[in-house]
Amino acid sequence: MAPDRLQKPLAPPGAAGAEPYLPFARPSLDEDTIAAVADVLRSGWITTGPLTRQFEAALSDYFGGRTAMTFTSATAALEAALLVAGVGPGDEVITPAMSFAATANVILRVGAKPVFVDVELASRNIDLDRVEAAITSRTRAILPVHFAGRAVDMDRLYEIAGRRGLRVIEDAAQAMGTTWRGRRIGACGDLVVFSFHPNKNMTTIEGGALVLDSPAEAKLAELHRFHGIQRTASGDIDVELAGGKSNLTDVAAAVGLGQLRRLEAFNARRRDLAALYFARLGADAALALPDRNDAGHNWHMFNPLLPLDRMTIDRNEFIRRMHERGIGVGIHYPALHQLALYRRLGHAQHSHPDAERIGRETVTLPLFAGMADSDVERVCSAVRDVLCGAMSGGAG
Ligand SMILES: *Cc1c(COP(=O)(O)O)cnc(C)c1O
């Protein structure tokens, strides 16, 4: 494939060359949404306004009537959630060693200390068997992640948190539409945060939401979201605390409203595509496929593990060879405690073997609602082709 192909991974479909480049994630935006955005732009009111309120009301409905507050990102919403829960300097927050950096970074940003717990190899979620051993007198909260859109065992999680008197801040960034035993993630629980980044199952371009119950905590979250500004009883404006600035725009809300209407259809399509991956790759014992398990999975990502110890090439070379075949492959994620920041903070380096193994071996294959069945076929034959030429002692 021509080298310029490598430098332009987002070449539009139909560009010169054989098959269009297939990224590992791509949002599906329809013409109605594009028209709705144009209407906002023409309306004269483009920042937080009526559409943001409408989007928040639609989210609240989606989450069974709980309060839903939008933010400019899940990262901002997670930070607000920690502040609302009163987490600060001197506190510890228990979180999985396998997630996106934001999950742990927000804990540091409010002055607290992340305490990493290993994940389960199968579910990639925090190993609840190991959580209690990590609780100390300083622990204030547990911050679990519904990894790749697979729900954490909510019954066990909340049983532990309840018994030990801990707040729960769920990083549900990847879990829009995920259910646990038939209940939507976000429709129950403590403080729950979603992301609407373009790679997620629905998008507002950038954006996120915090779902919660307590009106007092919603009011506090609002202060953190918008400069700490409050209106006094007499109608004056006053500032209560040094809040941030992370309110969603009506342009973003217009995108979100269009996406939320299609979320269930998006997720149904993702489940079908994941099933096709299992059907096509299941027979190939070389790859360790993600755990298929439960029906509530929203298949935000499909991330098998590479059999690196039996391969003659490393993961970067695998990704390069897939790229050569016009297919985008991601890495989600390196283990958190092995990132430079957490190394520097003194986190033990060989302490969470399953997170470390996932961090070394994981690859994210393309999976998004706009994919055709033939795209999955194409990915699977490219994977087989690349692996076939790269297995030690294999047929290469
Ligand atoms: C995407 C993501 C975030 C951050 O979301 P933003 O909206 O980009 O801030 C946090 N945690 C996890 C697990 C994510 O996947």
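Remember, it's a predicted structure, so these values are computed and weren't measured experimentally.

J.: Outline the overall build of the protein chain, listing residues and values.
T.: Across its full length, the protein chain holds 13 helices and eleven strands. Taking 2.2 N^0.38 as the reference for a compact globule, 396 residues should give roughly 21 Å; the C-alpha atoms of the protein chain span a radius of gyration of 22 Å, in line with that estimate. The dimensions of the protein chain, computed from C-alpha atoms along their principal axes, are 80 × 55 × 40 Å. Here the protein chain, with 396 residues, has 53% of them falling under the buried criterion. Taking the contacts inside the protein chain whose residues are at least 6 apart along the sequence as the reference set, 68% of them involve residues at least 24 apart. Split by element, the accessible area of the protein chain, about 16,900 Å² in all, is 53% carbon and sulfur. In the protein chain, which carries 43 positive and 46 negative side-chain charges, the distance between the mean positions of the two groups comes to 2 Å.

J.: I'd like to hear about the domain arrangement of the protein chain, residue by residue, with values.
T.: When its domains are assigned, the protein chain resolves into domain 1 (4–11 + 263–388) and domain 2 (29–256). In this structure, domain 1 and domain 2 have C-alpha centres spaced 26 Å apart. Taken residue by residue, the interface counts 36 residues in domain 1 and 34 residues in domain 2. With both sides pooled, the region where domain 1 packs onto domain 2 buries about 3,000 Å², and carbon together with sulfur makes up 57% of that total. A per-residue breakdown of the area domain 1 buries against domain 2 is headed by His300, Tyr333 and Leu336, which together make up 22% of the total. Viewed at the interface, domain 2 and domain 1 are joined by two salt bridges. At the boundary of domain 1 with domain 2, the tally comes to 19 residue pairs in polar contact (both at pLDDT 80 or more). Among the elements that make up the side of domain 1 that touches domain 2, the one with the highest residue count is helix H12 (residues 353–361) (six residues).

J.: Please set out the nonpolar core residue by residue, giving values where relevant.
T.: Counting residues in hydrophobic clusters, the biggest one holds 40 residues, and the most contacted among them are Phe55, Leu59, Ile94, Val131, Met176, Ile185 and Phe194. Only helix H3 (50–62), strand S3 (113–117), helix H6 (128–134), helix H7 (154–164), strand S8 (191–195), strand S9 (208–212) and helix H9 (250–281) provide two or more residues apiece to this core. Considering each element in turn, this core owes the most residues, five residues, to H9. Beyond its immediate chain neighbours, meaning those up to four positions away, Met176 contacts Leu59, Tyr62, Phe63, Phe194, Phe196, Asn201, Met202, Leu260, Leu263, Asn267 and Asn298. Counting 33 residues, the second-largest nonpolar core is a separate cluster that includes Trp299, Phe302, Met322 and Met371.

The rules behind the values
Residues numbered from 1 in each chain as written. Predicted model: local features only at pLDDT ≥ 70, side-chain atom pairs only at ≥ 80, totals over all residues. Heavy atoms only, no water. Helix = DSSP H or I, 4+ residues; strand = E, 2+ residues; numbered from the N terminus. Rg over C-alpha atoms; globule rule 2.2 N^0.38 Å. Buried < 20%, exposed > 50% of the residue type's maximum accessible area, 1.4 Å probe, protein only. Contact = heavy atoms within 4.5 Å. Areas by Shrake-Rupley, 256 points an atom, 1.4 Å probe, with all protein chains shown as cover. Lys, Arg positive; Asp, Glu negative; His and termini not counted. Charge placed at Lys NZ, Arg CZ, Asp CG, Glu CD. Domains from an automatic or database assignment. Buried area = accessible area lost by both parts, 1.4 Å probe. Salt bridge = Lys/Arg side-chain N within 4 Å of Asp/Glu carboxyl O. Polar contact = N/O pair within 3.5 Å; in protein donor to acceptor, adjacent residues only side chain to side chain. Core = buried A, V, L, I, M, F, W, Y, C linked by side-chain atoms within 4.5 Å.

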